[in-house]
Structures are given as C-alpha cells and as structure tokens.
Amino acid sequence: MEKLPSKIAISNILLGFYVLSGLDFLRQVESLGINYGQVGNNLPPPDEVLNLLQSLKLTKARIYDTNPQVLTSFANSSIELIVTVDNQMLSTLMDPQQALQWVGTHIRPYFPATRITGIAVGNEIFTGDDTTLMAYLVPAMVSIHAALVRLGLDQFIQVSTPSSLGVLEESYPPSGGSFRSEINEIMPQFLQFLETTKAPFWINAYPYFAYKDDPNRVSLDYVLFNRNSGMIDPYTKLHYDNMLYAQVDAVIFAMARMGYEGIQVMVSETGWPSKGDPNETGATSENAAIYNRNLLRRQMENEGTPLRPNNRLEIYVFALFNEDMKPGPTSERNYGLLQPDGTMAYNVGLSPMSASISLTSDATKVKQREYESLLRSIFLYLLAFQVFMRRQR
Ligand SMILES: *[C@@H]1O[C@H](CO)[C@@H](O)[C@H](O)[C@H]1NC(C)=O
Ligand SMILES: *[C@@H]1O[C@H](CO)[C@@H](O)[C@H](O)[C@H]1NC(C)=O
C-alpha cells in the first residue's frame, strides 16, 4: 500500500503523456492489420501507400503477392508485412530445393529492412475446387518453413494459409464447430504443421455474408458489433454479442475436435462493403462505417473471444482500397476503407494526418472531426485508466 502514491503519480504522468500525444494514441495499443490488395488500375504507388498507412497509424499489412516494389518501398518503415505465395506456385514449392530458392529470392533480400512477419501460402485452398492444390498445400508449407529454418528466418516469419469460413461444416453454435468432411483427411496434417511451428490458423470471416444471405433472420446489430442481446452457446454457456467472435470460436472448437487445442486463430480477412448490387442487402457505407469502427474500437480494447478472453484476437481488415478491377458483384470492388485517391471511402474513425486525406474541408466535417477528437480523448482517458488499474494489481 505504501507504494500507492507513486503509482498514482506515474499514472497521472502517463495520463498527461497520452493526452499530449494526442493523435499518436494508436501507438499505445497493438494495431489493427490491413489487407493491401492491388487489383485496381488507379491505385497510388507503394511509397504513397506507405505514407497513407503511416498517417492512419496502421502498422500491419498483408499483400497478395511478393511485389518487389512494395517490399522495397516498405523497407526501413515500421510496417510489418505478410506476403502471399500464389496458388499456382504450390506444386513447384513442394520441392525443398525450389522452396529454398524461392525464399532466397523473394524474402531474404528484403529482410530484415522490410519487416516480413508472415508468408501466406496460397489463398483459400481448402474451399477451392482444385483437390490437387489441396494435396500440395501442406508439403509446400513444410518446404517453405524448412527453407526459412535453413536461412535462419523461421523465428521471425510465420508460415500459414488463409482459409474461408467455408472450411466449417458447422459454425453454430460455436461449440458445435467442425470441419467439412471432405477435408477431414488433410486437416490433421495441416493442424500438426501449425502446432509444430507455432503458427496461427488464419480465417477469412465475413459476417456480412451471413447477413446478406438471410437478412430477415440474422440480426444486423449482431453482425455489426452494435449493442444487442447476442446469443448464449447452449453447451459452453458463453455469451456472444457479435458474429465474428462466434465464428472464430467455432474454428477453435473444430480444431479441438481433431485434438488440437493450443493453436491460435487470427482473422486474416474481415470487412464490410460500402456499396453493392440491389440484391446485396446491407452493403452500404453506413453499415461499413459501423462495422469497421466497432471492430477498431474492440481491437483497441485488446479483446479476445469469449472462449479465449485473454488472448488478443489479431485481425486484418479487408481492405485498404476499393479495387476497381475485381470481378464479381459490385460489393467486391467496394470493401476499401480508402478510395484509390487516398481519401476515406467513409468515416471509420481513423485519423489521417496528411493534408491530402484530411477531412477538414467543410463545416460538417470539422464537426465530425471535433466529435472524433472527443471520442479520442475518451479513449485516451480509458486507456490511461486501464494502465492505472493494471498497475494497481
Ligand atoms: C534501409 O536502411 C539501411 C541502413 O540504414 C540501408 O543500408 C538500406 O539501403 C535501406 N534500405 C532501403 C531499401 O532503403
Ligand atoms: C444480383 O443482381 C445482379 C445484378 O444486379 C445479378 O447479376 C446477380 O446474378 C444477382 N445475384 C443473385 C444471387 O440473384
């Protein structure tokens, strides 16, 4: 108890520090990740993208290739980067020698100046129709990991693969989570690899799809992380107030059903489109803003899911930009937080600092900024208070 006054003093100093540091507040907590897709013909060059990420205080990004321009532009920055191996490369990279050569060419020359933290081997292979690709996946991951070990990079760079939520046969309730029977045979090898190398299971999870498919039965507030009564898992009695966390816990239960209980889950993609075709119910900029803002708020609280409340759930939002060359329904081209010119697609509550993307041009936007700044102060206060409480324990 006698140390209490000094703790109060420390937290007051911290409080002052946080308030003074103002816009830098995101630095105090772990950053939300962002998927930097480049399927557009009007996107800014990588060095400008780096400035945008920095002005948004985003420090984790994923790209869908190993674009040397991006890897070079992001060198000596604070951005941690996940790169992707194209599906087409898996058959080649099963060969350990080829994998070693690939890592030596596409990763090693850029590391550590470019803070590469992960390699996504293929994308959504388990739910594609190509079963040969599925058979190549784990051997390719093993070879790439072995190459990283050989080059002394495995302590810094994780190897995993993003799966769509379609890998699950059951996702409701979360405790009923199970993998589709078609992938039952390959899953143990894959999970064994993740467990052995301590890499997380990456899931692409879009509560938007569930809402769009059944807007009359799925609660919009539940999928948007708004205040709602949520659901209680009848077996675990855990309470879920949003669908994303329920989906993540369903993945954890599916893994546990196969005997793997210690593997972390990361949300490699989630997001909400700001525009869609008439039959894409819910794809509006209002909903996109609410979803991503609520997600950001929950991330700032460093939350875990109900099943693993003390493990911060790492999330990569899809996507940084609206990408005009994406095929498919209108929503596909409208997941971006930003327009290609770097302006916000809608207000998500991130605060760009650079003049080119500032929101101060008219009075209502100034109002909005004042509101944001008020919110920020409240965050800062809560953050400092949390530090204070933690120090008390
Ligand atoms: C990064 O910084 C190092 C050391 O200052 C320098 O040698 C290197 O050229 C820089 N890399 C790039 C791509 O700017
Ligand atoms: C939705 O509407 C678009 C055109 O607006 C159409 O091309 C598409 O087939 C429709 N999708 C469904 C599932 O009905």
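All figures in this text were calculated on a predicted structure; none of them were measured in a lab.

(A) Spatial organisation of the overall build of the protein chain. Within the protein chain, the secondary structure is distributed over twelve helices and 13 strands. Taking all 393 residues of the protein chain together, the buried fraction comes to 39%. Sequence separation of 24 or more characterises 70% of the internal contacts of the protein chain that already satisfy a separation of 6 or more.

(B) Examining the sheet that holds strand E12 (residues 265–270) more closely. Overall, parallel pairing links the nine strands, which are arranged E5-E4-E3-E2-E1-E13-E12-E9-E6 in an open sheet. Here the strands that pair on one side only, and so sit at the sheet edges, are strand E5 (158–160) and strand E6 (162–164). Taking the axes of each pair of neighbouring strands and ignoring which way they run, one obtains an average angle of 25 degrees across the sheet. Direction of pairing for strand E1 (residues 33–35) relative to strand E13 (residues 314–318): parallel, over a ladder of three bridges. The partner of Gly33 across the bridge, within E13, is Tyr316. The strands touched by helix H6 (residues 131–150) within the sheet are strand E4 (115–121) and E5, with E4 carrying the most contacts at an inclination of about 155 degrees. Helix-sheet contacts for helix H10 (residues 243–257) involve strand E9 (201–204) and E12, and the interaxial angle to E12 is about 135 degrees.

(C) Inspection of the environment of Gly349 at higher detail. Checked against the element boundaries, Gly349 lands in the loop between E13 and helix H12 (363–392). Look at Gly349 and you get partly exposed, because 18 C-beta atoms sit within 10 Å. For the pair Gly349 and Ala289, spaced 60 residues apart in sequence, the C-alpha to C-alpha distance is 8.4 Å.

(D) Molecular detail of the pairing of E4. Of the strand pairs in this sheet, strand E3 (residues 80–85) and E4 are connected by six bridges, and their pairing is parallel. Looking at the pairing, Ile82 lines up with Gly118 of E4. One ladder, built from three bridges, connects E4 with E5; its direction is parallel. Within E5, the position partnered with Gly118 by the bridge is Gln158. Chirality of the crossover, the property in question, places the unit of E4, H6 and E5 among those that are right-handed.

(E) Seen up close, the pairing of E3. Across the six residues of E3, five count as buried, placing the element largely inside the fold. For strand E2 (residues 60–62) and E3, the ladder comprises three bridges, and the chain directions are parallel. The residue of E3 that forms the bridge with Arg62 is Ile82. After leaving E2, the chain enters helix H3 (residues 68–73) and then returns to the sheet as E3, a path that is right-handed.

(F) Inspection of the packing of H6 against helix H7 (residues 187–197) at higher detail. At a closest axis distance of 10 Å, the pairing of H6 and H7 adopts a crossing angle of 20 degrees. By the angle class used here, H6 and H7 are roughly parallel. In this structure, H6 meets H7 at a crossing whose hand is left-handed. Residues Val138, Met141, Val142 and His145 of H6 lie in contact with H7, whose contacting residues are Gln189, Phe190, Phe193 and Thr197. For the contact of H6 with H7, the class distribution of residues is five nonpolar, three polar and no charged.

(G) A look at the packing of helix H5 (residues 96–106) against H6. The interhelical angle for the contact between H5 and H6, taken along N-to-C directions, is 60 degrees, at an axis separation of 8 Å. For the element pair H5 / H6, the angle class is oblique. The crossing of H5 and H6 is right-handed. In this structure, H5 contributes Pro96, Ala99, Leu100 and Val103 to the contact, and H6 contributes Ser143, Ile144, Ala146, Ala147, Leu148 and Arg150. A per-class count over the contact of H5 with H6 returns eight nonpolar, one polar and one charged.

(H) Spotlight on the confidence of the model for the protein chain. Residues at a pLDDT of 70 or more form 82% of the protein chain, whose mean pLDDT is 87. The low-confidence segment residues 1–28 (pLDDT under 50) makes 25 contacts with residues lying over four places distant or belonging to another chain.

(I) View of the nonpolar core. Within the largest apolar cluster, 98 residues are counted, with the highest numbers of intra-cluster contacts made by Leu137, Ile144, Ile203, Val248 and Val251. With eleven residues, H10 is the largest single contributor of residues to this core.

(J) Looking closely at the environment of Leu32. As for its position among the elements, Leu32 is in the loop between helix H1 (4–21) and E1. Of the residues examined, Leu32 has 22 C-beta atoms within 10 Å and is grouped as buried. Distance from Leu32 to Asn302, taken between C-alpha atoms, is 9.9 Å for residues 270 residues apart in sequence. With residues near it in sequence (within four places) discarded, Leu32 still touches Leu58, Leu296, Gln299, Ile315 and Val317.

(K) How the structure looks around H5. Taken together, the buried positions of H5 are occupied by Ala99, Trp102 and Val103. Summarising the axial view, the buried residues of H5 lie within an arc of 95 degrees, below the 170-degree limit, and thus occupy one face. Opposite the packed face of H5, turned more than 90 degrees from it, sit the exposed residues Gln97 and Thr105.

(L) Structural view of the environment of Met255. Within the element layout of this structure, Met255 appears in helix H10. According to the C-beta neighbour criterion, Met255 is buried, with 23 such atoms within 10 Å. Between the C-alpha atoms of Met255 and Phe201, which are 54 residues apart in sequence, the distance is 9.4 Å. Not counting residues up to four positions away in its chain, the partners in contact with Met255 are Leu191, Phe201, Tyr260 and Ile263.

How each quantity is defined
- Residues numbered from 1 in each chain as written.
- Chains lettered and ligands numbered in written order.
- Predicted model: local features only at pLDDT ≥ 70, side-chain atom pairs only at ≥ 80, totals over all residues.
- Helix = DSSP H or I, 4+ residues; strand = E, 2+ residues; numbered from the N terminus.
- Buried ≥ 20, exposed ≤ 12 C-beta atoms within 10 Å, placed from the backbone.
- Contact = placed C-beta atoms within 7 Å.
- Pairing = 2+ DSSP bridges.
- Axes fitted to C-alpha atoms, helices over the stretch in contact; angles between N-to-C directions.
- Right-handed = clockwise from strand over helix to strand, strands pointing away.
- Parallel < 35°, antiparallel > 145°, perpendicular 65-115°, else oblique.
- Left-handed = near helix turned anticlockwise from the far one by under 90°.
- Nonpolar A, V, L, I, M, F, W, Y, C, P; charged D, E, K, R; others polar.
- pLDDT = per-residue confidence, 0-100.
- Core = buried A, V, L, I, M, F, W, Y, C linked by C-beta atoms within 7 Å.
- Arc of directions from axis to C-beta.

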